Amino acid sequence: MSLQQVAVIGAGTMGNGIAHVFAQGGFKVNLIDVNQAQLEKALQTITKNFDRQIAKGSATEDQKAAALGRITTFNDLSAGVLNAELVVEAATENVDLKLKIFKQLDECANPNAILATNTSSISITKIASVTKRANKVIGMHFMNPVPVMKLVEIINGYATDKDVTDMIVALSKQLGKVPCVVNDYPGFIANRILMPMINEAIYSLYEGVAGVEEIDTVMKLGMAHPMGPLQLADFIGLDVCYSILKVLHDGFGNPKYAPCPLLTNMVTAGYLGAKSGEGFYKYTPGSKDLVVSGMFKK
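Reading the values: the criteria
Residues numbered from 1 in each chain as written. Predicted model: local features only at pLDDT ≥ 70, side-chain atom pairs only at ≥ 80, totals over all residues. Heavy atoms only, no water. Pairing = 2+ DSSP bridges. Helix = DSSP H or I, 4+ residues; strand = E, 2+ residues; numbered from the N terminus. Axes fitted to C-alpha atoms, helices over the stretch in contact; angles between N-to-C directions. Phe/Tyr/Trp six-rings, centres within 6.5 Å; stacked < 30°, edge-to-face > 60°. Buried < 20%, exposed > 50% of the residue type's maximum accessible area, 1.4 Å probe, protein only. 1 Å grid on protein atoms, 1.4 Å probe; cavity = no way out; pocket = protein on both sides within 12 Å on 5 of 7 lines; lining within 4 Å. Points joined across faces, edges and corners; volume = space filled by probe spheres on them. Nonpolar A, V, L, I, M, F, W, Y, C, P; charged D, E, K, R; others polar. Domains from an automatic or database assignment. Contact = heavy atoms within 4.5 Å. Buried area = accessible area lost by both parts, 1.4 Å probe. Salt bridge = Lys/Arg side-chain N within 4 Å of Asp/Glu carboxyl O. Polar contact = N/O pair within 3.5 Å; in protein donor to acceptor, adjacent residues only side chain to side chain.

Looking at this structure, how should I read the sheet that holds strand β8 (residues 178–183)?
Backbone hydrogen bonds hold the strands of a sheet together, and the pairing may be parallel or antiparallel. Strand order across the open sheet formed by eight strands is β3-β2-β1-β4-β5-β6-β7-β8, with mixed pairing between neighbours. The outermost strands of the open sheet, each flanked by one partner alone, are β3 (71–74) and β8. Each neighbouring strand pair of the sheet contributes to a mean axis angle of 25 degrees, computed without reference to strand direction. Here strand β1 (residues 5–9) runs beside strand β4 (residues 86–89); their pairing, made up of four bridges, is parallel.

When you look at the packing of aromatic side chains in this model, what are you seeing that I'm missing?
Any two aromatic rings considered together are summarised by their centre-to-centre distance and by the angle between their planes. In total, this model carries five aromatic pairs according to the counting rule given. A ring pair is formed by Phe22 and Phe142, whose centres lie 6.4 Å apart and whose planes are at 70 degrees; its orientation type is edge-to-face. Of this pair, Phe22 sits in helix α1 (residues 13–24) while Phe142 sits in strand β6 (residues 137–142), and the two are 120 residues apart along the sequence. A relative accessible area of 0% places Phe22 in the buried class. Overall, Phe142 belongs to the buried group, its relative accessible area being 1%. Between Phe235 and Tyr283, the aromatic rings sit 6.1 Å apart at their centres with planes inclined by 55 degrees, giving tilted as the arrangement. Linking Phe235 in helix α10 (residues 229–236) with Tyr283 in strand β9 (residues 282–283), this pair joins segments that are 48 residues apart in sequence.

Could you clarify how one ought to interpret the layout of surface pockets in this entry?
Summary: where empty space remains is shown by rolling a probe the size of a single water molecule over the atoms. Estimated volume of the second largest pocket: approximately 300 Å³. In terms of lining, the second largest pocket is formed by 14 residues, of which the most central are Val95, Ser121, Ile122, Ser123 and Val247. When residues in the lining of the second largest pocket are grouped by element, the largest group, five residues, is from helix α11 (residues 238–252). The class makeup of the residues in the lining of the second largest pocket is five nonpolar, five polar and four charged. Lining the lining of the second largest pocket are residues from two domains, each supplying at least three of them: domain 1 (5–183) and domain 2 (191–292).

Teacher, can you tell me more about the environment of Ser276 here?
Its location among the elements puts Ser276 in the loop between α12 (261–269) and β9. On the accessibility criterion, Ser276 (37% relative accessible area) is partly exposed. Sequence separation between Ser276 and Leu115 is 161 residues, and the spatial gap between their C-alpha atoms is 32 Å. Each residue touching Ser276, except ones within four places of it in the same chain, is listed here: Gly270 and Tyr271.

I would appreciate a short explanation of the domain arrangement of the protein in the present structure.
Quite often, the size of an interface is put as the accessible area lost when its parts meet. Domain boundaries in the protein define domain 1 (5–183) and domain 2 (191–292). If you average the C-alpha positions of domain 1 and of domain 2, the two centres end up 26 Å apart. Taken together, the contact between domain 1 and domain 2 spans four residues of the former and four residues of the latter. In total, about 380 Å² of surface goes out of reach between domain 1 and domain 2, with carbon and sulfur atoms giving 50% of it. Among the residues domain 1 hides against domain 2, the three largest losses belong to Glu93, Ser120 and Ser121. Together they make up 72% of the total. Counting across the interface, domain 1 meets domain 2 through zero salt bridges. Between domain 1 and domain 2 we count one residue pair in polar contact (both at pLDDT 80 or more) in total.

Here is the structure:
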């Protein structure tokens, strides 16, 4: 594949992971964020994640140095995407923000550049509609943690060209990922199935059917899930779960997708999961290590 230069917008958890896998795959990466401190934190995270790979024998010090040398940081979006052949947007899961970014991207990115979004639920067709290149807009939904998880959910917008889809499929394989192509409906596949399960687990807690540990244990030991749905919700972020459920509810108009009142209250109160230090579990500050489990009293 001739593609050489990639731009990643957003240096948060997903953005730094996406930058990591592209740089490790031999691509030059422009990592863009308006927050300089976030960019510095992203480089530190990428370095730590490479160190974990080295400890496991899946990367070498030379590969780490080479990959880090391929990453350039930018505060200015226009400058960062100027020479990019592929732009992957990984900003906050907010529809207005994404529409604003893609409108700006369409104006300043190379006319031939493919514009991809890492959105986990927002309509690709809607995002593409603010550009003059809807045929070159596609969803490229990586899973967290990006360096570890193999799946890339590739979402075709209504007008996405087949050759664009084929290129992103081939590129995902080149990165060592497993691409799955789906069509553009609320939640796509991953979150259309996952979020109702998480929501039902929260309803089970809300209605007093069982406690946090019991619900998670049933799903881990009974269904062979590596993590229970309530702990997974904490890791995803309860605010993110809430936002995706709202997209599903608004998109389908079906009450089965309405966020559980308990989830709504927790998000309103700022109990967002691991990132805030407490959700259905409590966490060590700055990490996802459990401190207390089974003590939920909301």
